[in-house]
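Chain residues, written in single-letter form:
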Amino acid sequence: MAEMIDLRSDTVTKPSEEMRRAMYKAEVADDSYDGDPTVIRLQELAAEKTGKESALFVASGTMGNLCGVLSLTTPGQEVILGDFSHQFLWEKGGSARVAGLVTHTIPFRDGWLDPQEVEAAIRPQTREAAPTGLICVEDTSNRGGGAVIPPEHLAKISEVAKRYHLPVYMDGARLFNAAVAMNRHAGDFTQFADAVSFCLSKGLGAPFGSLLCGSKDVIARSISARQMLGGGMRQAGIMAAAGIVALKTGIDRLAEDHASAQRLAQGLAELFPGCIDQRTVETNMFFIKVAALGRSGPQLAEELRREGILVFPTQPRMRLTTHCNVCSQDIDRALRVFARLRQSI
Ligand SMILES: *Cc1c(COP(=O)(O)O)cnc(C)c1O
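Residues numbered from 1 in each chain as written. Predicted model: local features only at pLDDT ≥ 70, side-chain atom pairs only at ≥ 80, totals over all residues. Heavy atoms only, no water.

> Honestly, the site of the ligand in this entry has me stumped. Any pointers?
Among the 13 residues in the neighbourhood of the ligand, the closest are listed as G61, T62, D171, R174 and K202. One of the side-chain nitrogen or oxygen atoms of T62 is found 2.6 Å away from an oxygen atom of the ligand. In this structure, K202 approaches the ligand through a side-chain N or O atom, which is 2.9 Å from an oxygen atom. Computed on the free molecule, the ligand has an accessible area of 380 Å², of which 85% lies beneath the protein chains in the complex. Of all the elements, helix α3 (residues 61-72) adds the most residues to the shell around the ligand, at 3 residues. (Near = heavy atom within 4 Å. Polar contact = N/O pair within 3.5 Å; in protein donor to acceptor, adjacent residues only side chain to side chain. Areas by Shrake-Rupley, 256 points an atom, 1.4 Å probe, with all protein chains shown as cover. Helix = DSSP H or I, 4+ residues; strand = E, 2+ residues; numbered from the N terminus.)

Following this line, the structure appears as structure tokens:
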């Protein structure tokens, strides 16, 4: 029986041989007391790759986002978030519960926050209003099907933020997918954010971790935030070692995932007209319209599972994601399965 082709998410990737070897051999120390040398190397590399002064290794993207938000705000302020952003939808309301912020949502627009809507959401300074403290952006945009928000658009949000003396936070869980898709340096994107977090454990293929990157000052504050959240670590070099391999070998490789997504989307568009607008496929994930495949989301997921393909049973849209454990032959095999499904609409 061939292995399952897992198209649910790029978080499912397994660490490579090279990562496991690096983990085995990693030089370690108590990171909270002395600084773990491998963690320090990873943090320096992350700062360099994102064009920021400094970086902090954290357990997850969610922890990175919360540390970032905690470092840039004070309780009782308002944070402006897209209404379909990961930070608003899927992080257990951490901004409100832990950081003590009022979450003020505006239309997400697949990640393309409208600068005018951002500006309109900024509270005037009055005796009554909770003052606006932060604007959050997401790149690539998860609910936008991996859409890349280009630096030129981020500049417009940043311009509004600067005018009101507000910081910008970037949830860059898939920042390097954006950079690779546009053939730009990640720093072209992050220059418009005071802090940014990206995930090692998604397309970059590491088993664990994210990095929060920003100025020395912001990162100094985020160390306190991480400590409060119980995220201070000890011999974390074991995990950081895999992260170093991910950053050194995983970024350029993302282009392969983007090409796989393109090929999968094109095949599906030919098999099931109207299921996807190929122009929306920019990185390693895209949504299809389930109805165009002539069954419900759960039915489709079940039929695919029996053929060795894993997807989330959602509808009306279903997200398909490519990553380093989906090879070119897997895309061929997946398309053959979809072709068989078409015969039984
Ligand atoms: C995955 C993801 C996160 C959270 O990362 P975890 O490591 O799962 O906590 C945050 N933001 C976006 C846009 C994501 O896709």
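> Where do I start with the sheet that holds strand β4 (residues 102-106) in this structure?
Either a parallel or an antiparallel arrangement is found when strands of a sheet pair, and the pairing is made through backbone hydrogen bonds. Read from one edge of the open sheet, 7 strands run β2-β8-β7-β6-β5-β3-β4, paired in mixed fashion. Since the sheet does not close on itself, it has two edges, and those belong to β2 (54-58) and β4, each with one partner. Across the sheet, the mean angle separating the axes of adjacent strands is 20° when strand polarity is ignored. The pairing of strand β6 (residues 168-171) with strand β7 (residues 195-199) spans 3 bridges and is classified as parallel. Paired with Y169 across the two strands is A195, which belongs to β7. (Pairing = 2+ DSSP bridges. Axes fitted to C-alpha atoms, helices over the stretch in contact; angles between N-to-C directions.)

> Would you mind showing me how to read the pairing of strand β5 (residues 132-138) here?
The element β5 is extensively covered by neighbouring structure, given that 7 of its 7 residues are classed as buried. In this structure, β5 lies alongside β6, joined through 4 bridges in parallel fashion. The residue bridging V137 from the neighbouring strand is M170, located in β6. One crossover worth recording links β5 to the parallel β6 by way of helix α7 (residues 151-163), and it is right-handed. (Buried < 20%, exposed > 50% of the residue type's maximum accessible area, 1.4 Å probe, protein only. Right-handed = clockwise from strand over helix to strand, strands pointing away.)

> I tried to follow the nonpolar core on my own but got confused; where do I start?
Soluble globular proteins tend to bury their nonpolar side chains together. F57, F198, L200, L204, L211 and L247 are the most contacted members of the largest nonpolar core, which totals 52 residues. Not counting the four nearest positions on each side in its chain, L247 is found in contact with L42, L45, A46, K49, F176, F198, L200 and L204. Listed in part, the 30 residues of the second largest apolar core include F272, V281, I309 and M318. (Core = buried A, V, L, I, M, F, W, Y, C linked by side-chain atoms within 4.5 Å. Contact = heavy atoms within 4.5 Å.)

> Which parts of the structure should I look at to understand the packing of aromatic side chains?
Two measures describe an aromatic ring pair: the distance that separates the ring centres and the angle between the ring planes. Summed over the entire model, instances satisfying the criterion amount to 3 aromatic pairs. Aromatic side chains F57 and F208 sit 5.8 Å apart centroid to centroid with 75° between the ring planes, which places their arrangement in the edge-to-face category. Taken together, the residues span a long stretch of sequence, with F57 in strand β2 and F208 in the loop between β7 and β8 (210-214) at a distance of 151 residues. A centroid spacing of 4.9 Å and a plane angle of 85° characterise the contact between F176 and F198, whose relative ring orientation is edge-to-face. (Phe/Tyr/Trp six-rings, centres within 6.5 Å; stacked < 30°, edge-to-face > 60°.)

Shape descriptors only; they carry no functional weight alone.
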